[in-house]
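Remarks on the overall topology
Chain residues, written in single-letter form:
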Amino acid sequence: EVQLVESGGGLVQPGGALRLSCAASGFTFSSYWTHWVRQAPGKGLERVSTIRGDGATNYADSVKGRFTISRDNAKNTVYLQMNSLKSEDTALYYCATSDRPLLRLLVNWADFTFWGQGTQVTVSS
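Bear in mind that the values here come from a model prediction, so they are computed numbers and not experimental data.

Bringing the nonpolar core into the picture now. The biggest cluster of nonpolar side chains holds 27 residues, and the ones touching the most others in it are W36, F67, L80, M82 and Y93. Secondary structure elements with two or more residues in this core: strand 3 (18-25), strand 5 (45-51), strand 7 (67-72), strand 8 (77-82), strand 9 (91-98) and strand 12 (119-123). By residue number, the principal contributor to this core is strand 3, which donates four residues.

The next point concerns the side chain of H35. Tracing the backbone shows H35 in strand 4 (residues 33-39). Classification of H35 by relative accessible area gives buried; the value is 0%. At a separation of 2.7 Å, a polar atom in the side chain of H35 contacts the side chain of T50.

Turning our eyes to something else, we now look at the packing of aromatic side chains. Applying the stated criterion across every chain yields a total of seven aromatic pairs. With 5.5 Å between their ring centres and 90 degrees between their planes, F27 and Y32 make a pair best called edge-to-face. Since its relative accessible area comes to 10%, F27 is described here as buried. The interplanar angle of 35 degrees and the centroid separation of 5.2 Å between the aromatic rings of W109 and W115 together place this pair among those described as tilted. By relative accessible area, W109 is classed as partly exposed at 29%.

Once that is clear, we can look at unusual backbone geometry. The residue N76 is not glycine, and still its phi comes out positive at about 50 degrees. In this fold, N76 is placed in the loop between strand 7 and strand 8. Classification of N76 as buried rests on a relative accessible area of 13%.

Turning to the state of the cysteines, a few remarks are in order. A full pass over the atoms with the stated rule returns one disulfide. Between C22 and C95 runs a disulfide, and the two sulfur atoms are separated by 1.8 Å. Between C22 and C95, the S-S torsion sits near 40 degrees, and that sign places the bridge as right-handed. You can see C22 sitting in strand 3 and its partner C95 sitting in strand 9, a full 73 residues away along the chain. Taking relative accessible area as the criterion, C22 reaches 0% and is therefore assigned buried.

On to the pairing of strand 9, then. In terms of burial, strand 9 is a largely internal element, seven of the eight residues being buried. Pairing of strand 4 with strand 9, which is carried by seven bridges, proceeds in the antiparallel orientation. Residue V37 lies in a different strand from strand 9, and its bridge partner there is Y94. With three bridges joining them, strand 9 and strand 12 adopt antiparallel strand pairing. Bridge assignment links Y93 to a residue of strand 12, and that residue is T119.

About the criteria used
Residues numbered from 1 in each chain as written. Predicted model: local features only at pLDDT ≥ 70, side-chain atom pairs only at ≥ 80, totals over all residues. Heavy atoms only, no water. Core = buried A, V, L, I, M, F, W, Y, C linked by side-chain atoms within 4.5 Å. Buried < 20%, exposed > 50% of the residue type's maximum accessible area, 1.4 Å probe, protein only. Helix = DSSP H or I, 4+ residues; strand = E, 2+ residues; numbered from the N terminus. Polar contact = N/O pair within 3.5 Å; in protein donor to acceptor, adjacent residues only side chain to side chain. Phe/Tyr/Trp six-rings, centres within 6.5 Å; stacked < 30°, edge-to-face > 60°. Disulfide = S-S within 2.5 Å. Pairing = 2+ DSSP bridges.

Structure below.
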């Protein structure tokens with residue numbers, strides 16, 4: 001059974017940091033493009049960061065220099081280190097995989113093969 005489980009979300013003050021984790025079972029991350037996407041209340045699904053099978057990474061302009069995506073192949077887990085968080089980063093964050101290149105900012109669920117249940121990130125003082 002394929003499963004993606006995100007964790008690490010929470011409430012943090014502006015300027016703070018969080019590290020999200022996405023553990024996979026039933027498939028291997030390195031065989032797919034893996035993405036962190038987010039959805040804020042009333043807004044569409046936005047791709048935040050991507051890591052390819054070969055480890056190359058990509059970031060949305062809004063998070064470049066603040067967020068870092070990484071992958072531990074031994075643990076079959078993908079991470080998103082989020083630093084210098086802003087109130088506009090508040091959203092439900094999901095990890096998701098695609099079997100083809102995906103670098104658009106605005107995405108939809110049809111773009112993905114697998115996805116998790118999401119973890120809430122709230123940035124507020």
